[in-house]
Protein chains: 2
Amino acid sequence: MELGYRGNILRVNLSSDKISIERPDEIFYRKYIGGEGFIAYYLLKEVPKGVNPLNYKNNLIFANGPLTGTSIPCTGRNSIGAKSPLTGGFGESEVGGYWGAELKHAGFDAVIVEGKANKPVYLSIQDEEIEIRDASHLWGKSTGETQKDIIRELDDKYIRVACIGVAAENLVKYACIINDYRNAAGRTGMGAVMGSKNLKAIAVRGHNKPKVNNKEKLRAILKESYETFKEYSQFFTFGTGGNRMEEFALSGNLPTRNFRDGEFKYAKEIDPAIISEKINLGRDTCYACPIRCKKVVNISNPINIDPLYGGPEYETIAAFGSNCGTNDIVAISKANEICNKTSLDTISAGVAISFAMECYENKILTDEDTNGLKLNFGNSQAMLSLLEKIVNREGLGDILAEGVKKAAEKIGKNSQKFAIHVKGQEVPMHEPRLKQGMGIGYALSPTGAEHMANLHDTAIANKERIKNFASFNIFDALTLDDLSAKKVKSVISFTNWRVVENSLLFCFFSPYTMNQENNLLKTVTGWDTSTWELMKYGERITTMARAFNIREGFNKNDDWLPERFFEPHTTGALAEKPINSDKFKNARDIYYKMMGWTEDGIPTKMKLEELDIEWVKT
Amino acid sequence: MELGYRGNILRVNLSSDKISIERPDEIFYRKYIGGEGFIAYYLLKEVPKGVNPLNYKNNLIFANGPLTGTSIPCTGRNSIGAKSPLTGGFGESEVGGYWGAELKHAGFDAVIVEGKANKPVYLSIQDEEIEIRDASHLWGKSTGETQKDIIRELDDKYIRVACIGVAAENLVKYACIINDYRNAAGRTGMGAVMGSKNLKAIAVRGHNKPKVNNKEKLRAILKESYETFKEYSQFFTFGTGGNRMEEFALSGNLPTRNFRDGEFKYAKEIDPAIISEKINLGRDTCYACPIRCKKVVNISNPINIDPLYGGPEYETIAAFGSNCGTNDIVAISKANEICNKTSLDTISAGVAISFAMECYENKILTDEDTNGLKLNFGNSQAMLSLLEKIVNREGLGDILAEGVKKAAEKIGKNSQKFAIHVKGQEVPMHEPRLKQGMGIGYALSPTGAEHMANLHDTAIANKERIKNFASFNIFDALTLDDLSAKKVKSVISFTNWRVVENSLLFCFFSPYTMNQENNLLKTVTGWDTSTWELMKYGERITTMARAFNIREGFNKNDDWLPERFFEPHTTGALAEKPINSDKFKNARDIYYKMMGWTEDGIPTKMKLEELDIEWVKT
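Calculation criteria
- Residues numbered from 1 in each chain as written.
- Chains lettered and ligands numbered in written order.
- Predicted model: local features only at pLDDT ≥ 70, side-chain atom pairs only at ≥ 80, totals over all residues.
- Heavy atoms only, no water.
- Helix = DSSP H or I, 4+ residues; strand = E, 2+ residues; numbered from the N terminus.
- Buried < 20%, exposed > 50% of the residue type's maximum accessible area, 1.4 Å probe, protein only.
- Polar contact = N/O pair within 3.5 Å; in protein donor to acceptor, adjacent residues only side chain to side chain.
- Domains from an automatic or database assignment.
- Contact = heavy atoms within 4.5 Å.
- Buried area = accessible area lost by both parts, 1.4 Å probe.
- Salt bridge = Lys/Arg side-chain N within 4 Å of Asp/Glu carboxyl O.
- Pairing = 2+ DSSP bridges.
- Core = buried A, V, L, I, M, F, W, Y, C linked by side-chain atoms within 4.5 Å.
- Axes fitted to C-alpha atoms, helices over the stretch in contact; angles between N-to-C directions.

> Account for the environment of Thr-370 of chain A, with residues named and values stated.
All names here are of chain A. With respect to the element layout, Thr-370 can be found in the loop between α11 (346-361) and α12 (380-392). Judged by its relative accessible area of 2%, Thr-370 falls in the buried class. Sequence spacing of Thr-370 and Ile-305 is 65 residues, and the spatial spacing of their C-alpha atoms is 26 Å. A distance of 3.2 Å separates a polar side-chain atom of Thr-370 from the backbone oxygen of Asp-367.

Laid out in structure tokens, this is it:
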């Protein structure tokens, strides 16, 4: 193999304080790429089977991709993984901001955190200077204060910090990790793992740009793509959800009142484009990215919302808005601030609250249970109060802090039917009765219900990005409720591609075609990779994540949606249009076959050999 | 889809004299590409199930690829297909020379010949002037005379001719079609189909170079590849087999005495490099190709051999040489001349004769059967005499003209064990006991035993060409006798790639990587294809060819090697090293699974949908 790309992996054991640097062979880098690929590799290799995710034997992995830290737009992300305390299976989440690039500039492609510190610590990485430092004075502080204090302490304003807040310290199962004040590695509870290790933060500072194999070619590609980005950026003037909320509501895509209802009359009132002045909407971005999709809000009336923590993304608006039955954009923005400040996943938190609201409206939870909170849908003040209780694990909040699956088990009384999750992870803000391909992805994703490595059936018309597959009808010619083998093919193809992007750390919003991504990878690494190799990476990494879950005891019964989605909305665009469970089961079985898994969904020895990962056990 | 490539398909019905030109949508071109892809499409769509291959209802398809006729080296080939009279299944063969490029310059991507003329005819295509012309005066003539006569008749020395000789007129089941005097579409009996239609030749002349979407980029790519070709060309100073024969014999790769023996002492004496002066070895080439791999011999002593018909390729040297037990290079060259002159496949003809020789040595055939020919191995004069008898269907030659499978059925007396064929097609000159991956390919190829879309296990070290898969260990790290899932993966991956090349019409000897081939395709067509799409084409076309065979009654029992290969050589490198039949069966079953076929080897509905060819019936 031609020489090209090879980096450093930092390993830190918090039990023994041992710090070491590893330099795997280049073939390791080409085979497992980075991000989700590294995470799948290290979880399978190093995390013991059956371990409690909050035990010191779980590892927490921060991983960059081969392009992180270069000047390529849409690569300013990093990935964080561990065995998930929320699902008990494969845990992984990507996050934007500047932290990953800074880590790369310090010389590292990944940080593997092992063990558990016996008191709060933080890790300082400043180029080759690695230090485990006391964080007792930071414990209990918000993510913002933590970052500011560390910057002050280390006396370098360019230091970037990934850290946790109180929710993660309290081991809320869907606690997240926050990079640079307002970027969340939201899903699968990575913050709780960080909290369980007594690791408050990782501060990074680096001074060396990564090597680019062919700088001239990279400059040419970037110059060529300039116009694309200029044009593309316009779509994000109002951030995610901008000018889309009513359309979503009308089509039935907007989850409403815990995914119960088919209509939400107030969609415009939570549309960031329409009420942008009310919240003083601004934009922020990630390292080297001209798109600027990230929201900032600035509100001082009727309450104060700290702009440091950004503004609510589409997922957050829907989770705390329509899905909790409220149109109170200020309360939604406040919920966002609370989540980012305390490191809590907005999707899971919103769905946990909407679950409680539906339980309350059905008298499964009483005023006694809620300690007096009137948890009716739409009561945004009660919503914010309950959110604080989750963060602090108070009363009902302590139960909801376990995620809706376990909360429903604890509450009982038929509350399970209101627990909208897959594999323990709360469902994101895309209605699977509308986007049934995404429904398949929810059921099959190794992290439980997730929307980032999944087919957005409504976006299949984006022909520009998919022109490298034009003769395969992969992402078009399908209706939204199609559950045929063709739809399954779309889900698998798109998922595999997204998993590659989650390993190369291309953002979901990157406008590149697969050929362009491959060219960028070639230019930086010097490897002569092909898109065929890329898609095979995706299949490999998806299969590794699957194998991890099988090892941890998941079976085909876990590849299923909440029963709610097989029942119709009573009104709205999807009235009388539930998912057909027979067709859905069939689609699941096709998914297994197409992936080369057994009829029970277990990767076969043959498939593992084909993917050159015969070392993986299932 | 972006506008790019769209061409013309000429349809000629010889029963009705109807001539028409079709212009399919661009998506058809992008989906079925050309060459083998077009052939698979038109055979499935238009040739009735169960038809006798020599019936007028069989179609004969001449197909170019999207790059044919451009200045790109290694694309000077065309493909010819029909239902095979030799196997009764999918028939297809590629051929070099200048004819395909000329057809493209006349404006056509393919010619579909339907029906049967009531007297000998030839087809003249001169740009838009298409004419069916009388060929009564050409019937019975050699391929060389035919071409010369047509050039004289049409009065244009630049006319290119694809035609048949006497063997094809006599419907020898492995008759071939000859382009430009010495380039053979050798395999699967396409010449017999042409003969059955009373079509002596297709003469072509064109004056328009095909459109290239990005000429400037193409020039840059070609300039860049100039050195590669200069270097690469050196390997072909002595053509195929040059300086390799003894190595092949010592490793056991050189088929000897009807694949019976493990040693051939005279390998050097048939090595084109070593005896090049004896045969006055020269080189020829195809359209736009600087490699110049094709042999020309010039011999006048002890017999005259017409240089017009070229010289013996490796396959021919082995088939008429070691495999008939002779080291007589002049006789081998003569056999080559006879075959090209009369349009006969040298591999099948050689193996038919070696079959007869082994029958003779085992007294299954007597002097009476052979009409006095002493058919011992090594009797090169008897070999040439028998070859003439096959051409003219005289005596034993008439029986052998049906191919060894049917000949053995006719001869009986346990002769079947000497009939070395798969699905009725004689095995080429690569010992599957050595190259066991090729053995899998022999058994599974839709055309019966074939070596051109197959893994050459010994060539898996060509790392330059496969660097686009470097992280997949696809073509290396395997022993020759490995029959694991990994080997099957290699066979399938390489076969799919080769099938794409047989559709794009890249030569087997092209030095391009898959990325380079994709870039060339993009540059010419303007399509933004990916290598992933390319590999999917391969899978699609392989599956279509398989579906055709299933439709025509083939089943898994046909996916098997002659029993000989499960028995050891008694001497030589492979002594006591037969193929293990249990492992081989397992490999076959893995092949089915990896292709997404049922355990009986039938493409599933799901796989057809995935490949976007749900119209295909199995």
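> Describe the domain arrangement of chain A, with residues and values.
All names here are of chain A. With domains assigned, chain A is organised as domain 1 (9-205), domain 2 (225-422) and domain 3 (436-610). A C-alpha centroid distance of 26 Å is found between domain 2 and domain 3. On the side of domain 3, 20 residues touch domain 2, which itself brings 25 residues to the contact. Taken together, both faces of the contact between domain 2 and domain 3 bury some 1700 Å²; the carbon and sulfur share is 64%. Broken down residue by residue, the surface that domain 2 buries against domain 3 is led by Tyr-232, Phe-259 and Val-422, which jointly contribute 32%. Where domain 2 touches domain 3, the interface holds one salt bridge. The interface formed by domain 2 and domain 3 includes six residue pairs in polar contact (both at pLDDT 80 or more). Looking at the side of domain 2 that touches domain 3, the elements with two or more residues in it are α7 (215-233), α8 (245-251), α11 and β15 (421-422).

> Kindly report on the pairing of strand β12 (residues 199-205) of chain A, identifying the contributing residues and their values.
Taken residue by residue, a regular strand's side chains alternate between the two faces of the sheet. Residues and elements named next belong to chain A. Judged by how many residues are buried, β12 sits mostly within the fold: seven of seven residues are covered. Looking at chain direction, strand β7 (residues 121-126) and β12 are connected through six bridges and run parallel. Paired with Tyr-122 across the two strands is Ala-201, which belongs to β12. As paired elements, strand β9 (residues 160-163) and β12 share four bridges and run antiparallel to each other. Bridge pairing in β12 places Cys-163 opposite Ala-201.

> Could you give me a rundown of the nonpolar core, with the residues and numbers involved?
If you look at the biggest cluster of nonpolar residues, it comprises 377 residues, and the most contacted ones within it are Ile-125 of chain A together with Ile-125 of chain B. Setting aside anything within four residues of it in sequence, one finds Ile-125 of chain B in contact with Leu-10, Leu-103, Ala-106, Phe-108, Val-111, Ile-130, Ile-202, Ala-203, Val-204 and Arg-205 of chain B.

> Could you give an account of the sheet that holds strand β3 (residues 60-63) of chain A, naming the residues involved and the relevant values?
Residues and elements named next belong to chain A. Read across the sheet, six strands follow the order β2-β1-β6-β3-β4-β5 without closing on themselves; strand pairing throughout is mixed. A single partner strand is all that each edge strand has here, and the edge strands are β2 (18-22) and β5 (90-95). Each adjacent strand pair in this sheet contributes to an overall mean axis angle of 15 degrees, direction not counted. In this sheet, strand β6 (residues 108-114) lies alongside β3 in antiparallel orientation, the contact comprising four bridges.

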